[in-house]
Amino acid sequence: MESLGTHFDRETIGVSPRQGTVPADETTGNRPEGRIVVGLDGSFGSALALRWAAREAAELGVVLDVVAAWTEADPERPTLDRPEAPLAVARERLERALASLVRAPIPPERIVATPLHGTAGEVLVVRARNARLLVLGTSGIECPTIPGPTGVYCLRHSTAPVVFVPAPDA
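Just so we're clear, the structure is a prediction, and the values are computed from it rather than from any experiment. (Residues numbered from 1 in each chain as written. Predicted model: local features only at pLDDT ≥ 70, side-chain atom pairs only at ≥ 80, totals over all residues. Heavy atoms only, no water.)

## Quick word on the overall build of the protein
Reasoning step 1: Counting secondary structure elements, the protein contains four helices and six strands.
Reasoning step 2: Helices and strands in the protein line up, N terminus first, as β-β-α-β-α-β-α-β-α-β.
Reasoning step 3: With 170 residues in all, the protein has 43% of them scored as buried.
Reasoning step 4: Accessible area of the protein: about 9,300 Å², with a carbon and sulfur share of 54%. (Helix = DSSP H or I, 4+ residues; strand = E, 2+ residues; numbered from the N terminus. Buried < 20%, exposed > 50% of the residue type's maximum accessible area, 1.4 Å probe, protein only. Areas by Shrake-Rupley, 256 points an atom, 1.4 Å probe, with all protein chains shown as cover.)

Next comes the structure, spelled out in structure tokens:
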């Protein structure tokens, strides 16, 4: 990504801080104008939100902070064959998202990508505490303009303005 003038903080990928210990971005400190946080869950809606947030971050010259939340697999419902699989899925989502940003016409100047442990709403609200915006996609399952449960949680609890990027009409 360096060839595009984008710095991807590789040290952040793989970090899995526990809930309540979300690291601050040292370069932006507590300046709200310094970051746009976007939640990534692998859905079409979150991909749209990522593109919107990336354009906005590039236009404003701020850090794009991409977050994928993860929790441990439910031991009573073994759907994954490896205990580290939820973290691996979050990392994979981030890697795919970053690869898509490389193809953006004007990528953000700096991108931070972090898999964070905890429920999505709680992690995003904590991460966006000092951000300029928290950007999320809509669920798009039954109605492409209505936020899902994570979005509703963020809307109720976030101190940062929350932007919903709606899925196009089906």
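## Digging into the pattern of salt bridges
Reasoning step 1: Summed over all chains, the structure comprises three salt bridges.
Reasoning step 2: Of the charged contacts in the structure, one is a salt bridge between Asp-65 and Arg-35, with a shortest N-O distance of 2.9 Å. Placement of Asp-65 in strand 3 (residues 63–70) and of Arg-35 in strand 2 (residues 35–39) is noted, with a sequence separation of 30 residues between them. Arg-35 carries the same exposure label as Asp-65, and that label is buried.
Reasoning step 3: One salt bridge connects Arg-127 with Asp-65, and the closest N-O pair in it is separated by 2.8 Å. With Arg-127 in helix 3 (residues 120–127) and Asp-65 in strand 3, this residue pair connects regions lying 62 residues apart in the sequence.
Reasoning step 4: Residue Arg-127 is classed as buried on the basis of its relative accessible area of 5%.
Reasoning step 5: For Asp-65, a relative accessible area of 1% translates into the label buried.
Reasoning step 6: One continuous salt-bridge network, built from bridges that share partners, spans Arg-35, Asp-65 and Arg-127. (Salt bridge = Lys/Arg side-chain N within 4 Å of Asp/Glu carboxyl O.)

## Quick look at the side chain of Ser-158
Reasoning step 1: Within the secondary structure, Ser-158 sits in the loop between helix 4 (149–157) and strand 6 (162–165).
Reasoning step 2: At a separation of 2.9 Å, a polar atom in the side chain of Ser-158 contacts the main-chain carbonyl oxygen of Ala-160.
Reasoning step 3: When near neighbours in sequence (up to four residues on either side) are disregarded, Ser-158 contacts Val-125 and Leu-134. (Polar contact = N/O pair within 3.5 Å; in protein donor to acceptor, adjacent residues only side chain to side chain. Contact = heavy atoms within 4.5 Å.)

## Thoughts on the pairing of strand 3
Reasoning step 1: By the criterion of burial, strand 3 is predominantly enclosed, with seven of the eight residues buried.
Reasoning step 2: For the segment spanning strand 2, helix 1 (residues 44–60) and strand 3, crossover handedness is right-handed.
Reasoning step 3: In this structure, strand 3 lies alongside strand 4 (residues 110–117), joined through seven bridges in parallel fashion. Paired with Trp-70 across the two strands is His-117, which belongs to strand 4. (Right-handed = clockwise from strand over helix to strand, strands pointing away. Pairing = 2+ DSSP bridges.)

## Overview of the nonpolar core
Reasoning step 1: Grouped together as the largest cluster of nonpolar side chains are 27 residues, with contacts concentrated most on Ile-36, Val-38, Leu-50, Leu-64, Val-66, Leu-101 and Val-135.
Reasoning step 2: Counting only elements with at least two residues in this core, the list comes to strand 2, helix 1, strand 3, helix 2 (85–102), strand 4, strand 5 (133–137) and strand 6.
Reasoning step 3: Ignoring sequence-local partners within four residues, the contact set of Leu-101 consists of Leu-50, Ala-54, Leu-64, Pro-107 and Ile-111.
Reasoning step 4: Counting residues in hydrophobic clusters, the runner-up holds 13 residues, among them Val-67, Val-125, Ala-128 and Val-162. (Core = buried A, V, L, I, M, F, W, Y, C linked by side-chain atoms within 4.5 Å.)

## Topic: the confidence of the model for the protein
Reasoning step 1: Mean pLDDT over the protein works out to 78, with 69% of the residues at or above the 70 mark.
Reasoning step 2: Counting interchain partners and residues more than four positions distant, the pLDDT-below-50 stretch residues 1–30 has 63 contacts. (pLDDT = per-residue confidence, 0-100.)

## A look at helix 2
Reasoning step 1: In a regular helix each residue adds 1.5 Å, so 18 residues correspond to 26 Å; helix 2 covers 26 Å between its end C-alpha atoms and thus fits that length.
Reasoning step 2: Those residues of helix 2 lying buried are Ala-85, Pro-86, Leu-87, Ala-90, Leu-94, Ala-97, Leu-98 and Leu-101. (Expected span 1.5 Å × (residues − 1).)

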